[in-house]
Amino acid sequence: MAHLTEADLQRWLAAITELPRSQEAFMAWLEGPLKSFFPYRKLFMAYGEHLAGQIKTTHWLTRGHEPRYLAQLATTFELELRGSMRWWFAHRQPFTIEPHGPPPYATVFELDEIARFDLHNVAAHGVLNCRSTAGTYFSFCDMPGPLSDWHLEALRLMVPVLNDLYLDYIAAEIDKPAQALEALSPQQKRIVRLVAEGQDDKSVAQALGISEKTVRNQLSEVYARLGIAKRSQLLPLLR
């Protein structure tokens, strides 16, 4: 490590000595040990897929960003819109953007976004799969400057760990509906299986020999367990 000092490495070692094992602990780790090592003010992390020059973000998690910034983010966009990300896809190396002296690959769109939402100095990196078709991406914003090779070296050190922790976080999010479905009563499970086949309340009631009111009441309990409000939100969770 040419730029990280012994003290830096000790801080990082302290940060990874006890890695978080739950979603709540992960959030606390981002705000505590990680920030002590890499002093960001705003963080955007995402998992997405890349197909034919287009990015589709399937999951994201943020710290410190304003709602107005998050509201304008597109979950699907053309990669050429974000030249810095396009450069990262090509080189798989961390990069930094300082508004007063941006790299040549930063687009007008990116620089305008940095100015409008007070993102200031940006340092980013991620992990792609072997085919560059999917991966994680971590963008640290409003970093104290000036940015240097120290930040690039720090990103190379910490992003592989962040990648693993964030994938665990996503897996836990995906697993929540499955756990809730497993905890349903036998009757609720039978109802849900018929709903998954496309049957309406009347057909479900006839198949199980119960009233439509019972079907509706049981589905209401299922919705509450899953944190949803209607049938159209249930169906995707059953596929």
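The paragraphs below set out a description of the structure included in this document.

Procedures and definitions
- Numbering of residues starts from 1 in every chain and runs along the sequence as written.
- Note on the predicted model: pLDDT of at least 70 is required for a residue's local features to be given, and 80 or more for side-chain atom pairs to be given and counted; whole-chain, interface and lining totals, by contrast, use all residues.
- Just so you know, side-chain values use all the structure's heavy atoms and leave hydrogens and water out.
- Numbering of helices and strands runs from the N terminus, with a helix taken as a DSSP run of H or I at least four residues long and a strand as a DSSP run of E at least two residues long.
- Values of the radius of gyration come from C-alpha atoms, whereas the globule rule sets the reference at 2.2 Å times the count of residues to the power 0.38.
- Partly exposed residues are those whose accessible area sits between 20% and 50% of the maximum for their type, while under 20% is buried and over 50% is exposed, using a 1.4 Å probe and protein chains only.
- Contacts between residues were defined by any pair of non-hydrogen atoms, one from each residue, lying within 4.5 Å.
- Residue exposure ignores everything except the shown protein chains as possible cover, and the areas themselves are Shrake-Rupley values with a 1.4 Å probe.
- Both cavities and pockets are sets of points on a 1 Å grid over the protein atoms alone; in a cavity a 1.4 Å probe fits but cannot get out, in a pocket the set is open with protein on both sides within 12 Å along at least five of seven lines, and lining residues sit with an atom within 4 Å of a point.
- Grid points are joined across faces, edges and corners, and a volume is the space filled by probe spheres set on the points.
- Two aromatic rings from Phe, Tyr or Trp, using only the six-membered ring of Trp, form a pair when their centres are within 6.5 Å; if the ring planes differ by under 30 degrees the pair is stacked, by over 60 it is edge-to-face, and anything between is tilted.
- Here the term charged refers only to Asp, Glu, Lys and Arg, the term nonpolar to Ala, Val, Leu, Ile, Met, Phe, Trp, Tyr, Cys and Pro, and the term polar to all other amino acids, Gly among them.
- Polar contacts here mean pairs of N or O atoms no more than 3.5 Å apart (in protein, one a potential hydrogen donor and the other a potential acceptor; neighbouring residues in sequence count only if both atoms are side-chain atoms).
- Helix axes use the C-alpha atoms of the stretch in contact, all axes being lines fitted to C-alpha atoms, and the angles between their N-to-C directions lie in the range 0 to 180 degrees.
- Should an angle fall under 35 degrees it is called roughly parallel, over 145 degrees roughly antiparallel, and 65 to 115 degrees roughly perpendicular, with every other angle called oblique.
- The criterion for strand pairing is that DSSP finds at least two bridges linking the strands in question.

The helix and strand inventory of the chain stands at 10 helices and 6 strands. Since a compact globule built from 239 residues should have a radius of gyration of about 18 Å, the 22 Å found for the chain marks it as more spread out than a globular shape. Dimensions of the chain along its principal axes, counting C-alpha atoms only, are 70 × 40 × 35 Å. Looking at the chain as a whole, 42% of its 239 residues are labelled buried. Taking the contacts inside the chain whose residues are at least 6 apart along the sequence as the reference set, 60% of them involve residues at least 24 apart. For the chain, the exposed area adds up to about 12,800 Å²; of that, 53% sits on carbon and sulfur atoms.

With that out of the way, let us pick up empty space enclosed by the protein. Enumeration over the complete set of coordinates arrives at 1 cavity of 30 Å³ or more. What the largest cavity holds in volume is close to 40 Å³. Surrounding the largest cavity, Lys-42, His-65, Glu-66, Arg-68, Tyr-69, Phe-117 and Leu-119 form its lining.

Here the structure, examined in full by the defined rule, presents 16 aromatic pairs. On the numbers, 6.2 Å between centres and 85 degrees between planes, the contact of Phe-95 with Tyr-105 is edge-to-face. Note that Phe-95 is positioned in strand β4 (residues 95-97) and Tyr-105 in the loop between β4 and α5 (108-116), a separation of 10 residues in sequence. Classification of Phe-95 by relative accessible area gives buried; the value is 2%. Owing to a relative accessible area of 22%, Tyr-105 belongs among the partly exposed residues under this scheme.

Let us now look at the layout of surface pockets. One water molecule sets the probe size; rolling that probe over the atoms shows where empty space is left. If you add up the space inside the largest pocket, you get close to 520 Å³. What lines the largest pocket is a set of 35 residues, among which Phe-44, Phe-77, Arg-82, Met-85 and Tyr-137 lie closest to the centre. Among the elements of the structure, β1 (42-51), β2 (54-63), α4 (83-91), β4, α5, β5 (122-128) and β6 (134-141) are those that each provide at least two residues to the lining of the largest pocket. Grouping the constituent residues of the lining of the largest pocket by class yields 23 nonpolar, 8 polar and 4 charged.

Further remarks concern the side chain of Glu-153. Among the structural elements, Glu-153 can be located in helix α6 (residues 149-182). A distance of 2.8 Å separates the side chain of Glu-153 from the backbone nitrogen of His-3, its partner in a polar contact.

With that out of the way, let us pick up the packing of helix α8 (residues 201-208) against helix α9 (residues 212-226). Closest axis-to-axis distance for the α8/α9 pair is 8 Å, and the angle between their directions is 110 degrees. On the basis of the axis angle, α8 is roughly perpendicular to α9. Here Asp-201, Lys-202, Val-204 and Ala-205 of α8 lie close against α9, whose contacting residues are Glu-212, Val-215, Arg-216 and Leu-219. Grouping the constituent residues of the contact of α8 with α9 by class yields 4 nonpolar, no polar and 4 charged.

Counted residue by residue, β6 has 8 buried out of 8 residues, so it is predominantly covered. The alternating pattern of β6 places Ala-134, Thr-136, Phe-138 and Phe-140 on one face and Gly-135, Tyr-137, Ser-139 and Cys-141 on the opposite face, and all of these are buried. Pairing between β1 and β6: 8 bridges, direction antiparallel. Bridge pairing links Met-45 to Phe-138 in β6. Here β5 runs beside β6; their pairing, made up of 7 bridges, is antiparallel. Considered in β6, the bridge of Leu-128 is made with Gly-135. Connecting β5 to the antiparallel partner β6 that follows it, the hairpin turn spans 5 residues, and Ser-132 within it adopts a positive phi of roughly 60 degrees.

All we've got here are geometric facts, nothing functional implied.
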